[in-house]
Amino acid sequence: MKKVFKNPVVTFILGALIFSSISVYAAHKYAASNITYKDTTLDQALNTLYTTQNTTVSSQTTQINSLQQQVTELTAAAAEKDYVTGSFKINAGTTNSPDLGFYPSKVILYATDTNVRNFIIISRNGSNGFDTAGGIGNTSEWYVMTSNGFKTQGFSSNDHELKISYTYYAFR
């Protein structure tokens, strides 16, 4: 061991390595903590970024879990419901097809316009309706069940402006 320390070249190299290491470490520590940018040091900025990043990720994970739970609950509630409801408008010369996403067993329609009063029941076997002008009758020519809902067809008017608003209840 004494021979190693008596050799001036080895002693010089070891001293330089030790001194350089200490100098680099001290300079890094000093510089990293003393750099200021808009009233904060680099250390504080990095700590804040790390804390904020973890809080944001945690918050987003909580929000995602909450939304997934809501979707699951709404899907279960929709599956338990035996019907869907909605509204649509019939225009002259067009075919209107509300897409329900399932093959209904029955659909009940009623006009919500004040000048038209009718009530239609569409089933897989056809449709029948009641209106104040014509009484009860077969309405299969105008209202048809489809594999994903129902459609209205063949409506015309003298002024081509027939517009009837309906509300429907479609049963599974």
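Overview of the structure. Quick caveat, the model's predicted, so the values are computed rather than measured.

**A look at the overall build of the protein chain**
Here comes step 1: If you tally the helices and strands in the protein chain, you get 3 helices and 8 strands.
Here comes step 2: Relative to its 172 residues, the protein chain shows a buried fraction of 22%.
Here comes step 3: Across the protein chain, contacts joining residues at least 24 apart in sequence account for 58% of those joining residues at least 6 apart.
Here comes step 4: When the accessible surface of the protein chain is totalled, it reaches about 12700 Å², and 59% of it is carbon and sulfur.

**Some thoughts on the environment of tyrosine 169**
Here comes step 1: Structurally, the position occupied by tyrosine 169 is in strand 8 (residues 163-171).
Here comes step 2: The spatial distance from the C-alpha of tyrosine 169 to the C-alpha of serine 87 is 8.9 Å, given a sequence separation of 82 residues.
Here comes step 3: With near-sequence residues (within four places) excluded, tyrosine 169 lies in contact with Tyr83, Val84, Thr85, Lys106, Val107, Ile108 and Tyr110.

**Observations concerning the environment of asparagine 96**
Here comes step 1: On the secondary structure map, asparagine 96 appears in the loop between strand 1 (83-91) and strand 2 (106-111).
Here comes step 2: Each C-alpha atom, one on asparagine 96 and one on phenylalanine 150, is 8.4 Å from the other, the two residues being 54 residues apart in sequence.

**Examining the pairing of strand 7 (residues 149-152)**
Here comes step 1: For strand 6 (residues 143-146) and strand 7, the ladder comprises 4 bridges, and the chain directions are antiparallel. Pairing of threonine 146 across the sheet is with glycine 149, part of strand 7.

Rules of the game
- Residues numbered from 1 in each chain as written.
- Predicted model: local features only at pLDDT ≥ 70, side-chain atom pairs only at ≥ 80, totals over all residues.
- Heavy atoms only, no water.
- Helix = DSSP H or I, 4+ residues; strand = E, 2+ residues; numbered from the N terminus.
- Buried < 20%, exposed > 50% of the residue type's maximum accessible area, 1.4 Å probe, protein only.
- Contact = heavy atoms within 4.5 Å.
- Areas by Shrake-Rupley, 256 points an atom, 1.4 Å probe, with all protein chains shown as cover.
- Pairing = 2+ DSSP bridges.

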